[in-house]
Amino acid sequence: MAAAGLRKGNARLPPEVNRVLYVRNLPFNISSEEMYDIFGKYGAIRQIRLGNAKDTRGTAYVVYEDIYDAKNAVDHLSGFNVANRYLIVLYYQPTKMSKKSDIKKKEDEITRLQEKYGVGSKTPGPGSSD
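Quick notes on the rules
- Residue numbers run consecutively from 1 along every chain, following the written order of its sequence.
- Whole-chain, interface and lining totals are the exception, using all residues; otherwise, since this is a predicted model, local features are given only for residues with pLDDT of at least 70 and side-chain atom pairs are given and counted only at 80 or more.
- Neither water nor hydrogens contribute to the side-chain values; these are computed over all heavy atoms in the structure.
- Salt bridges, as used here, are contacts in which a Lys or Arg side-chain nitrogen is within 4 Å of a carboxyl oxygen on Asp or Glu.
- A run of DSSP states H or I qualifies as a helix once it reaches four residues; a run of E qualifies as a strand once it reaches two. Both are numbered from the N-terminal end.
- Pairing between strands is defined by DSSP: at least two bridges between the two strands are required.
- Put simply, a nonpolar core is a bunch of buried Ala, Val, Leu, Ile, Met, Phe, Trp, Tyr and Cys residues held in one set by side-chain atoms that sit within 4.5 Å of each other.
- Relative accessible area decides the class of each residue, using a 1.4 Å probe on protein chains only: under 20% of the type maximum gives buried, over 50% gives exposed, and in between gives partly exposed.

A. Region of interest: the pattern of salt bridges. Taken as a whole and assessed by the stated rule, the structure comprises three salt bridges. Linking Glu-65 and Arg-46 is a salt bridge whose minimum nitrogen-to-oxygen distance equals 3.0 Å. Residue Glu-65 is located in the loop between strand 3 (60–64) and helix 3 (67–77), and its partner Arg-46 is located in strand 2 (residues 45–50); the two are separated by 19 residues in the primary sequence.

This is the structure we're talking about:
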(Lines give C-alpha, C1' and ligand atoms only; values in the text may rest on other atoms or scores of the structure.)
Protein backbone atom coordinates (compact mmCIF):
# COMPACT_ATOMS: atom_id res chain seq x y z
CA MET A 1 0.00 0.00 0.00
CA ALA A 2 0.97 3.65 -0.21
CA ALA A 3 1.33 3.72 3.57
CA ALA A 4 4.42 1.52 3.30
CA GLY A 5 6.18 4.39 1.51
CA LEU A 6 5.37 6.73 4.38
CA ARG A 7 6.88 4.37 6.93
CA LYS A 8 10.19 4.15 5.09
CA GLY A 9 10.50 7.93 4.98
CA ASN A 10 9.98 7.96 8.75
CA ALA A 11 7.52 10.83 8.26
CA ARG A 12 6.41 12.52 11.44
CA LEU A 13 2.63 12.46 11.94
CA PRO A 14 0.63 15.32 13.45
CA PRO A 15 -0.24 14.78 17.14
CA GLU A 16 -3.97 14.30 16.53
CA VAL A 17 -3.39 11.28 14.29
CA ASN A 18 -4.25 7.96 15.93
CA ARG A 19 -5.63 4.54 15.04
CA VAL A 20 -9.20 5.32 16.12
CA LEU A 21 -11.47 7.21 13.73
CA TYR A 22 -14.79 8.86 14.53
CA VAL A 23 -17.17 8.77 11.55
CA ARG A 24 -20.26 10.99 11.31
CA ASN A 25 -23.08 11.50 8.80
CA LEU A 26 -23.48 7.79 8.05
CA PRO A 27 -26.77 6.51 6.63
CA PHE A 28 -28.84 5.08 9.50
CA ASN A 29 -29.32 1.76 7.70
CA ILE A 30 -25.64 1.05 6.94
CA SER A 31 -24.49 -2.43 8.00
CA SER A 32 -21.24 -3.50 9.62
CA GLU A 33 -20.36 -5.45 6.46
CA GLU A 34 -20.72 -2.29 4.35
CA MET A 35 -18.51 -0.42 6.83
CA TYR A 36 -15.84 -3.13 6.59
CA ASP A 37 -16.06 -2.94 2.77
CA ILE A 38 -15.59 0.84 2.74
CA PHE A 39 -12.94 1.19 5.45
CA GLY A 40 -11.19 -2.16 4.90
CA LYS A 41 -9.74 -0.95 1.60
CA TYR A 42 -7.26 1.17 3.55
CA GLY A 43 -5.86 -1.45 5.90
CA ALA A 44 -6.53 -4.06 8.55
CA ILE A 45 -9.38 -3.14 10.88
CA ARG A 46 -9.39 -4.19 14.50
CA GLN A 47 -12.94 -3.09 15.33
CA ILE A 48 -15.94 -1.11 14.07
CA ARG A 49 -18.61 0.18 16.45
CA LEU A 50 -21.81 1.53 14.91
CA GLY A 51 -23.98 3.88 16.97
CA ASN A 52 -27.43 2.39 17.43
CA ALA A 53 -28.95 4.54 20.19
CA LYS A 54 -31.20 7.43 19.20
CA ASP A 55 -28.50 10.06 19.86
CA THR A 56 -25.64 8.06 18.28
CA ARG A 57 -27.25 6.81 15.06
CA GLY A 58 -25.31 7.80 11.98
CA THR A 59 -21.98 7.63 13.79
CA ALA A 60 -19.31 4.96 14.15
CA TYR A 61 -15.86 4.32 15.54
CA VAL A 62 -13.37 2.53 13.32
CA VAL A 63 -10.19 1.16 14.91
CA TYR A 64 -7.32 0.27 12.59
CA GLU A 65 -4.41 -2.03 13.40
CA ASP A 66 -1.92 0.53 12.05
CA ILE A 67 -1.81 4.31 12.47
CA TYR A 68 -0.71 4.86 8.85
CA ASP A 69 -3.75 2.94 7.57
CA ALA A 70 -5.99 5.18 9.70
CA LYS A 71 -4.33 8.30 8.27
CA ASN A 72 -4.77 6.96 4.74
CA ALA A 73 -8.48 6.29 5.41
CA VAL A 74 -9.05 9.81 6.76
CA ASP A 75 -7.27 11.32 3.77
CA HIS A 76 -9.35 9.34 1.27
CA LEU A 77 -12.75 8.95 2.95
CA SER A 78 -13.42 12.45 4.30
CA GLY A 79 -16.19 13.69 2.02
CA PHE A 80 -16.79 10.23 0.51
CA ASN A 81 -20.39 9.84 -0.72
CA VAL A 82 -22.35 6.92 0.78
CA ALA A 83 -26.07 6.71 -0.06
CA ASN A 84 -26.16 10.44 -0.93
CA ARG A 85 -24.50 11.39 2.36
CA TYR A 86 -20.98 12.80 2.59
CA LEU A 87 -18.96 11.13 5.34
CA ILE A 88 -17.19 13.17 7.99
CA VAL A 89 -14.15 11.17 9.08
CA LEU A 90 -12.17 12.53 12.04
CA TYR A 91 -9.50 11.24 14.38
CA TYR A 92 -11.00 10.27 17.72
CA GLN A 93 -9.92 12.78 20.35
CA PRO A 94 -10.84 11.53 23.83
CA THR A 95 -10.19 14.91 25.45
CA LYS A 96 -12.86 16.58 23.30
CA MET A 97 -15.31 13.73 23.86
CA SER A 98 -14.83 13.77 27.63
CA LYS A 99 -15.28 17.56 27.75
CA LYS A 100 -18.78 17.18 26.31
CA SER A 101 -19.74 14.62 28.94
CA ASP A 102 -18.11 16.72 31.69
CA ILE A 103 -20.22 19.74 30.71
CA LYS A 104 -23.39 17.62 30.88
CA LYS A 105 -22.37 16.27 34.29
CA LYS A 106 -21.72 19.79 35.59
CA GLU A 107 -25.07 21.04 34.28
CA ASP A 108 -26.84 18.13 35.99
CA GLU A 109 -24.98 18.86 39.23
CA ILE A 110 -25.97 22.56 39.08
CA THR A 111 -29.61 21.65 38.46
CA ARG A 112 -29.55 19.19 41.37
CA LEU A 113 -28.05 21.80 43.72
CA GLN A 114 -30.53 24.46 42.60
CA GLU A 115 -33.41 22.11 43.39
CA LYS A 116 -31.85 21.09 46.71
CA TYR A 117 -31.43 24.67 47.93
CA GLY A 118 -34.52 26.12 46.27
CA VAL A 119 -32.57 28.48 44.07
CA GLY A 120 -34.02 29.44 40.69
CA SER A 121 -32.03 29.00 37.52
CA LYS A 122 -32.25 32.75 36.86
CA THR A 123 -30.25 34.82 39.26
CA PRO A 124 -30.70 38.59 39.44
CA GLY A 125 -27.99 40.59 37.76
CA PRO A 126 -25.85 43.21 39.53
CA GLY A 127 -28.08 46.12 38.42
CA SER A 128 -31.48 44.58 39.26
CA SER A 129 -33.62 45.76 42.15
CA ASP A 130 -35.11 42.89 44.14
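B. Focus on the pairing of strand 1 (residues 20–24). Note that strand 1 and strand 3 share four bridges and pair antiparallel. Each residue of the ladder has a partner; that of Tyr-22, found in strand 3, is Tyr-61. Sheet topology places strand 1 next to strand 6 (residues 88–91); four bridges connect them, and they run antiparallel. Note on strand 6: the bridge partner recorded for Tyr-22 is Leu-90.

C. Structural view of the nonpolar core. Among the nonpolar cores identified, the biggest contains 22 residues, and Leu-21, Val-23, Met-35, Phe-39, Val-62, Tyr-64 and Val-89 are the most heavily contacted of them. Elements with a minimum of two residues in this core: strand 1, helix 2 (32–39), strand 2, strand 3, helix 3 and strand 6. Sorting elements by how many residues they give to this core places helix 3 first, with four residues.

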